[in-house]
Amino acid sequence: MNNWDVLPAPEKGDLTQEALYAAIGEALTEWEKLVGDLGEIYSILVGAPEMTPGEGPEIQNFGELGFKAQCDNLKTAAAAFFPQHPPDPKLQSIFDDLLNQCSNARHRRNDIAHGTCELVAGKGYLCLPTPYNPKKVQPDWTMAYAFSSKEILFYTNQFRQLRNLVGHLNGALYLL
């Protein structure tokens, strides 16, 4: 199992919906910080490292994109950036791995962001997919995921680890 596979459904959910809501809020906040950190990398790759967030057309355009498009823009910017700087295959490899992990992580972020807090009889409160989503709920009511705050906090910590990797990469790129 990799860090971005769907965790098995818990035996028990949360006793209160507030605990689940708090975990969801923390996870989504950590995700948004990750996206902001990736925006900083993007600004370095396009040659605007001192640019104030939200200013300048490159950064504004990046911020208006969906996450998949942001990753595509990062790849394009990196393809232009790396050949113009001292070759460092390790740095390129770290960058490629980071984008791959972020691409996989976005699925768990979407599950958390688009799930609903539901009281499940005999289990407690769980974050579940909405029934109208045929990709996440089968006709027999088999659900693609069920998260308690424990599972959500696992992903939150994974988002934090990605942020740490982004921070190290950001520093190395800035020095180039």
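Look up a bit, the structure's there.
Scope of this entry: the structure provided in the associated data block. Residue indices follow the written sequence of each chain, beginning from 1 at its first position. Thresholds applied to this predicted model are a pLDDT of at least 70 for local features of residues and 80 or more for the giving and counting of side-chain atom pairs; totals over whole chains, interfaces and linings are not thresholded and use all residues. Hydrogens and water are ignored here; the side-chain numbers use all heavy atoms of the structure.

A word on the overall build of the protein chain
Across its full length, the protein chain carries five helices and two strands. What counts as a helix is a DSSP run of H or I of at least four residues, what counts as a strand is a run of E of at least two, and both are numbered from the N terminus. Counting from the amino terminus, helix and strand elements in the protein chain follow one another as α-α-α-α-β-β-α. For the protein chain, the spread of C-alpha atoms along the three principal axes comes to 60 × 35 × 25 Å. The rule is simple: take the accessible area with a 1.4 Å probe, protein chains only, and divide by the maximum for that residue type; under 20% is buried, over 50% is exposed, in between is partly exposed. A burial count over the protein chain gives 39% of its 176 residues as buried. Note on definitions: a residue-residue contact is assigned when non-hydrogen atoms from the two residues lie within 4.5 Å. In the protein chain, once contacts between residues fewer than 6 apart in sequence are set aside, the share between residues at least 24 apart is 72%. Methods summary: accessible areas were calculated by the Shrake-Rupley approach with a probe of 1.4 Å, and residue burial reflects only the protein chains presented. Carbon and sulfur atoms form 54% of the exposed surface of the protein chain, whose accessible area is close to 9,800 Å². Computed over 14 positive and 21 negative side-chain charges, the inter-centroid distance for the protein chain is 6 Å. When charges are counted, Lys and Arg contribute as positive and Asp and Glu as negative, whereas His and the chain ends are disregarded. To locate a charge, take NZ of a lysine, CZ of an arginine, CG of an aspartate or CD of a glutamate.

Looking at unusual backbone geometry
With a phi close to 75°, tryptophan 141 is a non-glycine residue in the positive phi region. Along the polypeptide, tryptophan 141 turns up in the loop between β2 (124-128) and α5 (149-175). The class of tryptophan 141 is exposed, set by a relative accessible area of 53%.

Points about the packing of aromatic side chains
Each aromatic pair joins two rings of Phe, Tyr and Trp (for Trp, the six-membered one) with centres within 6.5 Å, and gets the label stacked for planes under 30 degrees apart, edge-to-face for over 60, and tilted for any other angle. Scanning the model with the defined rule gives 10 aromatic pairs in all. Both rings, one in phenylalanine 147 and one in tyrosine 155, keep their centres 5.4 Å apart while their planes meet at 65°; by these two values the pair is edge-to-face. Taking the relative accessible area as the measure of exposure, phenylalanine 147 reaches 0% and is therefore buried.

Side note on the packing of helix α4 (residues 89-114) against α5
All axes here are fitted lines through C-alpha atoms, helices being fitted over the stretch that makes contact, and every angle between N-to-C directions spans 0 to 180 degrees. One can describe the packing of α4 onto α5 by two numbers: an axis separation of 10 Å at closest approach and a directional angle of 150°. Here α5 runs roughly antiparallel to α4, going by the angle between their axes. You can see that α4 and α5 cross each other, and the crossing is left-handed. Together, Leu91, Ile94, Phe95, Asp97, Leu98, Gln101, Cys102, Ala105, Arg108, Arg109 and Ile112 of α4 and Ile152, Tyr155, Phe159, Leu162, Leu165, Val166, Leu169, Ala172 and Leu173 of α5 make up the contact between the two elements. Classifying every residue of the contact of α4 with α5 gives 16 nonpolar, one polar and three charged. Should an angle lie under 35 degrees it is considered roughly parallel, over 145 roughly antiparallel, and from 65 to 115 roughly perpendicular; all remaining angles are considered oblique. Two helices that cross are described as forming a left-handed crossing if the nearer one is turned anticlockwise from the farther one by less than a right angle, and a right-handed crossing if clockwise. For this classification, the nonpolar set comprises Ala, Val, Leu, Ile, Met, Phe, Trp, Tyr, Cys and Pro, the charged set comprises Asp, Glu, Lys and Arg, and every other residue, Gly included, is treated as polar.

Considerations on the side chain of asparagine 170
With respect to the helices and strands, the residue asparagine 170 is situated in helix α5. Here a polar contact means two N or O atoms within 3.5 Å. Within protein one must be a hydrogen donor candidate and the other an acceptor candidate, and residues neighboring in sequence count only if both atoms are side-chain atoms. Reaching out from asparagine 170, the side chain makes a polar contact with the side chain of glutamate 40 at a distance of 3.0 Å. The residues touching asparagine 170, leaving out its near neighbours within four places in the chain, are Glu40, Ile41 and Ile44.

Digging into the pairing of strand β1 (residues 116-120)
Each regular strand displays side chains that alternate between the two surfaces of the sheet. In this analysis, strands are considered paired if DSSP registers two or more bridges between them. Looking at chain direction, β1 and β2 are connected through five bridges and run antiparallel. Bridged to glutamate 118 within β2 is leucine 126. Hairpin geometry of β1 and β2 is characterised by an intervening segment of three residues between the two adjacent antiparallel strands and by a positive phi of about 80° at glycine 122.

A short note on the environment of glycine 36
Checked against the element boundaries, glycine 36 lands in helix α1 (residues 17-45). Accessibility expressed as a relative area gives 37% for glycine 36, which makes it partly exposed. In sequence terms glycine 36 and arginine 163 are 127 residues apart; their C-alpha atoms lie 9.6 Å from each other.

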